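Read off the chains here:
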Amino acid sequence: MGAPGVKITAPTLGGFVVPRPDRVADLDALVTGHRVTLVVAPAGFGKSTLLASWTATVCDRPVAWLALDASDDDPARLLHGLAHAVAAVVPGGAARTVDELLVALDRAPDGLVVVVDDVQALGADVVRDVLGRLVRYAPPGLRLVLAGRYDPPLPLHRLRLAGELGEVRERALAFDGTEVARLASSSGVELSASEAEELRGLTGGWPVAVRMSLLSLAAGDDPGARVRRMPALAVPVADYLVDEVLDGLPAPLAEFVLRATVDDVVDPVLAERLVPGGARLLDECVARGLFLTRTVPNARDEGPVYRWHALFAAQCRVLQGRRDPDLLVATHRLVAEHRRSTDWVSAVRHASAAGDDAVAAGLLHAHWADLLVEGDTALLRRLLAQLPATLARDPGVLLAAAAADVQDGDGDLVALAHARRAAQGAWSDTDELVGRLLGPVLSSAGQTPAAVAWATPALDAPDVDPATRAFGLYLVGRVEAQTGVDTRRARDHLTEGATVAAANGLPAIAAGCRAEQSLLLADDGELTRADDTAGHVLDQGAEHGWTRTSALAAAHLARGVTAFWQDRLADARRHLAAAQTGAGRQRPEVAVRAAAVLALVCLAQDDGAGFARARAAVGDDPRWRTVASFADVLGVVDTVAHVRHGDLAAGLRTAHEAADVAHPLATVWEAETQRLAGHSDAADRALDRLDGLRIPAHVEVSAALTRALLRSAQHDEAGAHRELEHALAVAAPEGVRRPFADRADDLHALLVDHLAWGSAHEEFVAGLLASAPPARTSRPAVRAWELTAREHEVLVRLRSTMTTTEIGAALFVSTNTVKTHQRSIYRKLGVAGRREAVRLAAANGLI
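Residues numbered from 1 in each chain as written. Predicted model: local features only at pLDDT ≥ 70, side-chain atom pairs only at ≥ 80, totals over all residues. Heavy atoms only, no water.

Draft legend 1. Representation of the layout of surface pockets. The volume enclosed by the second largest pocket comes to roughly 670 Å³. Considering the residues around the second largest pocket, the lining is formed by 31 residues, among which G46, K47, S48, T49 and L50 are closest to the centre. Only α1 (21-33), α2 (47-57), α10 (207-218) and α12 (238-244) provide two or more residues apiece to the lining of the second largest pocket. With 6 residues, the single largest contributor to the lining of the second largest pocket is α2. A per-class count over the lining of the second largest pocket returns 16 nonpolar, 8 polar and 7 charged. (1 Å grid on protein atoms, 1.4 Å probe; cavity = no way out; pocket = protein on both sides within 12 Å on 5 of 7 lines; lining within 4 Å. Points joined across faces, edges and corners; volume = space filled by probe spheres on them. Helix = DSSP H or I, 4+ residues; strand = E, 2+ residues; numbered from the N terminus. Nonpolar A, V, L, I, M, F, W, Y, C, P; charged D, E, K, R; others polar.)

Below you can see the structure in the form of structure tokens.
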């Protein structure tokens, strides 16, 4: 007796099938190019529909189709069904054994396709005994397509390595927004493009959920508005899950799924806490393709981490709540306890769902400040909204809500005062401490050392909890760093804040402290440490997936400042732009300063349009010009702009204004502008004001270079070389190059002479000369003088006292290679030796 006709015939397409020409074409290409093609996804993803569409519209080959059910889980019955499916399209294809079926397939014309649908109905032994042999011994021209809810137990890895396996997975089968809109239209539901995309996001593109949602929407008015208000729990697929997914699972596995989906994320450790043997059941869920996607590896080395399909998990929670609400509450409580030390946000949600108000409030009290520093005030508001009404006047909750308002620019000190009054006298000493600190810091008003000086002894009190202490040290250190009055004290507070925060699971506060530290290091001229510290902070932010963390803006600013002084202008530009974007409304001081440094970068790159945009972003707000940590750029921008455009008179005016702030860099630019204007005495008097001051490396290099040029103009060559050597000694360890580039034309001859004069930093000088050759007024007449890049590097170093061996070491080449380059240089210049080559090259602008 043959297999029922319905089982060996592709399903008929209904009237509401969404045309998917791109997906069908992709499937056709996979089948054509591979011996075996898998179509694997959970229930309701349209696997059979896609295959039927392909056979009906694109496929031009004979197709043998077999749809399976539980009754086919028998080798003889499966073979019987395959034989009749093949016989339906290939005369004489009947067979009683696998060998006879292979013989029949060998006689079939090339291009025959055998589709086996719902392979998950078969047990592992049957798959291996029948389909395994078919995969291994089928003729080369046969194309086998296997569709099911999870991977069959076949040697798939070997097929992948051999390039013989095509795969269509859940992601390729999910609807996109355009397909949702098409299905909506054919179902008589009119949705805009944005509403269709919203429905796609709500359902995750799960086709059956999209279809059922549209059926529900078609029964009422204004479907678009209903989509915008529809929660995941309202998508009507719970009954489908019971019929098509859970009822087909062994009872222990189905119960595990209902418990494990209480959270969107599950790992083996949580699985074991949920039920004994949970890790094994989780593995079985993965093997069956039960709506799980593997995510980033667990940092605690607790095995793989999986995320449930969001809608599937939400609907399972609905089912669990109907069947056993007490068990659902207990499961929420268990997950809250499991997550509290690793994912406090998830723990708050589960504690709230379990009705454990005290646990939820305690977690919020301990962590809301970390979320505030992270910059995710939207998440903070959502968590606060989930708390029950009994906590509406909780002092910590009121303080967190007010702080979010202030940080977002929606409130000020009045909001914090209102929060205090609303607490009706229940505000603790800790709440009072944090509230007093938050006002001047977050409102960008009154950011002076005096505004936070009182806090240090208060933070040392024994009853201050670690979270409050870490947050307070961050706020105090941030103000101290910004004002620049006592940077050493700021460093100490930020270092301690980072330590306390890291020890108490507050990663954003720890990162914020280190970001401010990196900016202090950059301001103090410790550029290498600043770059390393800021880089570590940004790496940490990337690991946590922080995208709205204004604290990271300070790290970007530190790397931008460092790259500018090291003359890595492209890197500087990238980080300064990121600092502006990341600062947002929460860190206006960072945004303004980043714009100022970016203006200097644009000047260095001769980007007039970019300079205009950056300068406009800086503005003329006098508030920032009174803060010393900003004067190193804000007071200098206009001076540099005037000098670069040749307007020394205007440059002198702005230089005097900048110097009024008394920041060393402003003083240096006053001196440099006076030098360029020919006022050497005034330049020297300006530089004399720096005597006895502790100035950062990049400012010290700038001052020494201006002094060197002043001495050179006064024909004090020994003095000029002493100042230049001092500048090189300070610049080389930190890679400070920008001050040299700012004075490149005037410094070039002095640097060339300095190599002959003798320097402990010959390699650094050679690098400066090689990266910034002098501007030539004309090309050398003799083309033989045109040197290769490597020959030019060697020629520059010939002016120094370096031996050929030392030159080779500096350039990472052998001594013989250096000698070969020397001979080529001498030949091209037409000279006999090193001294004559250097003299002639200098005279003709080659060095």
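And the narrative resumes.
Draft legend 2. Expanded view of the environment of R339. Along the chain, R339 turns up in helix α17 (residues 325-339). Residue R339 is classed as buried on the basis of its relative accessible area, which comes to 5%. Dropping the residues within four chain positions of it, R339 is found in contact with D263, V265, V266, D267, L270, W344, S346 and A347. Separated by 2.8 Å, the side chain of R339 and the backbone oxygen of V265 make a polar contact. (Buried < 20%, exposed > 50% of the residue type's maximum accessible area, 1.4 Å probe, protein only. Contact = heavy atoms within 4.5 Å. Polar contact = N/O pair within 3.5 Å; in protein donor to acceptor, adjacent residues only side chain to side chain.)

Draft legend 3. The arrangement of the packing of helix α40 (residues 717-734) against helix α43 (residues 762-771) in detail. Across the interface, α40 lies against α43 with an axial gap of 10 Å and an inter-helix angle of 85 degrees. Taken together, the axes of α40 and α43 are roughly perpendicular relative to one another. Across the interface between the two elements, L728, A731 and A732 from α40 touch F764, V765 and L768 from α43. Residues belonging to the contact of α40 with α43 are distributed by class as follows: 6 nonpolar, no polar and no charged. (Axes fitted to C-alpha atoms, helices over the stretch in contact; angles between N-to-C directions. Parallel < 35°, antiparallel > 145°, perpendicular 65-115°, else oblique.)

Draft legend 4. Spotlight on the packing of aromatic side chains. Inspection of every chain in the model, using the stated rule, returns 8 aromatic pairs. When the ring of F740 is compared with that of F764, the centres are 6.0 Å apart and the planes differ by 75 degrees; the resulting orientation is edge-to-face. With F740 in helix α41 (residues 738-742) and F764 in helix α43, the pair connects residues that are 24 residues apart, well separated along the chain. Like F764, F740 is buried. Here a set of aromatic residues connected by ring pairs shows up, and it is made of F45, W206, F291, W308 and F312. Of note, R743 hangs over the ring of W669, and the distance from its end group to the ring centre comes to 5.7 Å. (Phe/Tyr/Trp six-rings, centres within 6.5 Å; stacked < 30°, edge-to-face > 60°. Lys NZ or Arg CZ within 6 Å of the ring centre and 35° of its normal.)

Draft legend 5. Quick peek at the pattern of salt bridges. Under the criterion given, the structure shown has 46 salt bridges. Across the pair R469 and E496 runs a salt bridge whose closest N-O atoms are separated by 2.2 Å. Here R469, found in helix α26 (residues 466-483), pairs with E496, found in helix α27 (residues 487-503); they are 27 residues apart in sequence, far enough to count as distant. We note a salt bridge from E672 to R743, for which the minimum N-O separation is 3.4 Å. Taken as a pair, E672 in helix α37 (residues 664-676) and R743 in the loop between α41 and α42 (744-757) lie far apart in primary sequence, 71 residues in all. (Salt bridge = Lys/Arg side-chain N within 4 Å of Asp/Glu carboxyl O.)

Draft legend 6. Quick peek at the sheet that holds strand β3 (residues 113-117). Pairing is parallel in the open sheet, where 5 strands are placed in the order β2-β3-β4-β1-β5. Pairing within the sheet leaves two strands with one partner each, and these edge strands are β2 (63-67) and β5 (165-168). For this sheet the average axis-to-axis angle between neighbouring strands, irrespective of direction, equals 15 degrees. By the bridge criterion, 4 bridges tie strand β1 (residues 36-40) to β5 in an arrangement that is parallel. Pairing of L38 across the sheet is with E167, part of β5. (Pairing = 2+ DSSP bridges.)

Draft legend 7. Highlighting unusual backbone geometry. In this structure, D567 is a non-glycine residue whose phi angle is positive, near 60 degrees. The residue D567 is located in the loop between α30 (551-565) and α31 (569-583) in this model. Phi at D606 is positive, roughly 55 degrees, even though this residue is not glycine. With respect to the helices and strands, D606 occurs in the loop between α32 (588-604) and α33 (608-618).

Draft legend 8. Structural detail: the sheet that holds strand β7 (residues 292-294). The antiparallel open sheet is built from 3 strands, whose spatial order is β6-β8-β7. The open sheet has two edge strands, β6 (265-266) and β7, and neither has a second partner. With 3 bridges connecting them, β7 and strand β8 (residues 306-308) associate as antiparallel partners. Bridged to R294 within β8 is Y306.

Draft legend 9. Focus on the pairing of β2. Of all 5 residues making up β2, 5 are buried, and the element is well covered by its neighbours. Neither face of β2 is exposed, since V63, W65 and A67 on one face and A64 and L66 on the opposite face are all buried. Pairing of β2 with β3, which is carried by 5 bridges, proceeds in the parallel orientation. Across the sheet, residue A67 finds its bridge partner in β3, namely D117.

Draft legend 10. Representation of the packing of helix α18 (residues 344-353) against helix α20 (residues 377-386) within the structure. Packing of α18 against α20 brings their axes to within 10 Å, and their N-to-C directions diverge by 20 degrees. Accordingly, the angle class assigned to the pair α18 and α20 is roughly parallel. Here α18 and α20 pass one another in a crossing that is left-handed. Side by side, α18 and α20 meet where W344, V345, V348, R349 and S352 of the first sit next to L379, L383 and Q386 of the second. Tallied by class, the residues present in the contact of α18 with α20 amount to 5 nonpolar, 2 polar and 1 charged. (Left-handed = near helix turned anticlockwise from the far one by under 90°.)

Just geometry here; none of it tells us what the structure is for.
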